[in-house]
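Examining the three-dimensional arrangement
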Amino acid sequence: MMFEGSVLVVTNQEIAAVVAFAAKDPMHENLHVIGVDPSRGIVEATDGHSLIMVAVKAGIGEPFLVPLDRLVTASKALGAKAPTNELRIQAVGDDVEMTSFGFSTRLPIPQE
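Throughout what follows, the structure given in this document is the object of discussion.

What counts as what
- Residues numbered from 1 in each chain as written.
- Predicted model: local features only at pLDDT ≥ 70, side-chain atom pairs only at ≥ 80, totals over all residues.
- Heavy atoms only, no water.
- Buried < 20%, exposed > 50% of the residue type's maximum accessible area, 1.4 Å probe, protein only.
- Helix = DSSP H or I, 4+ residues; strand = E, 2+ residues; numbered from the N terminus.
- Pairing = 2+ DSSP bridges.
- Polar contact = N/O pair within 3.5 Å; in protein donor to acceptor, adjacent residues only side chain to side chain.
- Contact = heavy atoms within 4.5 Å.
- Core = buried A, V, L, I, M, F, W, Y, C linked by side-chain atoms within 4.5 Å.

Of all five residues making up strand β1 (residues 7-11), four are buried, and the element is well covered by its neighbours. With five bridges joining them, β1 and strand β6 (residues 86-92) adopt antiparallel strand pairing. Residue V7 lies in a different strand from β6, and its bridge partner there is Q90.

A separate point is the environment of D25. The topology assignment puts D25 in the loop between α1 (12-19) and β2 (33-37). Put simply, D25 and D47 are 22 residues apart on the chain and 9.3 Å apart in space, counted from C-alpha to C-alpha. Polar side-chain contacts of D25 include one of 2.9 Å to the backbone nitrogen of M27.

What follows concerns the environment of P67. Looking at where P67 falls in the secondary structure, it is placed in strand β5 (residues 64-67). Distance in space between the C-alpha atoms of P67 and V33 is 4.3 Å, their sequence separation being 34 residues.

Here we come to the side chain of H32. With respect to the element layout, H32 can be found in the loop between α1 and β2. With a relative accessible area of 11%, H32 lands in the buried category. Those residues in contact with H32, other than ones at most four positions away along the chain, are A23, K24, D25, P26, P67, L68 and D69.

Our next topic: the nonpolar core. In this structure, V10, I34, V66, L71, I89 and M98 are the most contacted members of the largest nonpolar core, which totals 23 residues. When neighbours within four sequence positions are excluded, I89 is seen to be in contact with S6, V7, L8, V10, F64, V66, L71, V96, E97 and M98.

Here we take up the environment of D69. Mapped onto the secondary structure, D69 falls in helix α2 (residues 68-81). Taking the relative accessible area as the measure of exposure, D69 reaches 44% and is therefore partly exposed. On a C-alpha basis, the gap between D69 and V33 in space is 8.2 Å, while along the polypeptide they are 36 residues apart.

Structure, rendered in structure tokens:
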């Protein structure tokens, strides 16, 4: 479930660190995601054996999950065009919106 208004700003380096620990096999749906907790300023992932929690600048809102492949795709697309490496991740209804200085993408999040 997504929460309207949940938002967090992360860098491509922080995303890369977390992505390295997420399960790569999409068949493991519960592990093939990145956890975003804006109010605590945490981005986290696990492959079932190892866990990483990266402290980032705190944002606002409730925790939500972002599918790994969608986050990686958006990060690469936006990162290549952005003058800085910051990526704003925001929950918008049942979608996650990722923005970086004028470039934006909105991806639907599958319902659980």
